[in-house]
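Next come the chains, spelled out residue by residue.
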Amino acid sequence: LARAQALMALGRYGDAIVEFNRSLEIAAELGNAEDEAFALSRKGLALILSEDLEAAGSCLELAITRAGEINDVTTIAVSRILLAWAALLKGDAETARTLHTPAAAYFADKENWVISYTNDEWQLNTWAIESALIAAEIAFRTGDSGAGALLAGAVDAAERAFSPAHICKAVAFAASLL
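The model shown is predicted, which means the values in this text are computed figures rather than measured ones.

A look at the side chain of Ser 79
Checked against the element boundaries, Ser 79 lands in helix H5 (residues 73-89). Engagement of the side chain of Ser 79 in a polar contact is seen with the side chain of Ser 41, the distance being 3.1 Å.

What follows is the structure in structure tokens.
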């Protein structure tokens, strides 16, 4: 899994997908359902980044199913954020809102968070910021007047988490609105 995520971070999405498939084989061989669900979710992200939105959707739906079988609420929420992002990329803000709403509720309150070896607090903070950014984009695309406040909240969360990458992402999104 670490190799696949490193390749994804380097922008080598095709190589990352190959490694995620390898991780899925190993997880199946070992009977490790948590790693399987996690790998499916992150493979879905790699597929989105490689612009294969249909395959990403199928992969993320399977991640949600597998995560549901073991009550891995974090992987379900992350996969829903990713599905919402894919819907936004397809231009379907209403579907994105429907997909994102339960994930937004999960990440809005740290009391909901489940820390595990695949999801530590830093990662959960990162996904909370991603969730806030998705919420702002959904609000903007649906004409919700609260979009600016949501974006400001995402920037505040990124600053509290010391995440310059997310601050840049928020500023880039804001600039795209001008």
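A few points about the pattern of salt bridges
For the coordinates displayed, the defined rule picks out 10 salt bridges. Notably, a salt bridge pairs Arg 66 with Glu 36, separated by 3.1 Å at the nearest N-O pair. Here Glu 36 lies in helix H3 (residues 33-49) and Arg 66 lies in helix H4 (residues 53-69), a separation of 30 residues in the sequence. We note a salt bridge from Lys 169 to Glu 130, for which the minimum N-O separation is 2.7 Å. Taken together, the residues span a long stretch of sequence, with Lys 169 in helix H9 (residues 164-176) and Glu 130 in helix H7 (residues 121-141) at a distance of 39 residues. Look at Glu 130 and you get buried, because its relative accessible area is 16%. Several salt bridges converge on common partners, so that one network encompasses Arg 3, Glu 19 and Arg 22.

Parameters at a glance
Residues numbered from 1 in each chain as written. Predicted model: local features only at pLDDT ≥ 70, side-chain atom pairs only at ≥ 80, totals over all residues. Heavy atoms only, no water. Helix = DSSP H or I, 4+ residues; strand = E, 2+ residues; numbered from the N terminus. Polar contact = N/O pair within 3.5 Å; in protein donor to acceptor, adjacent residues only side chain to side chain. Salt bridge = Lys/Arg side-chain N within 4 Å of Asp/Glu carboxyl O. Buried < 20%, exposed > 50% of the residue type's maximum accessible area, 1.4 Å probe, protein only.

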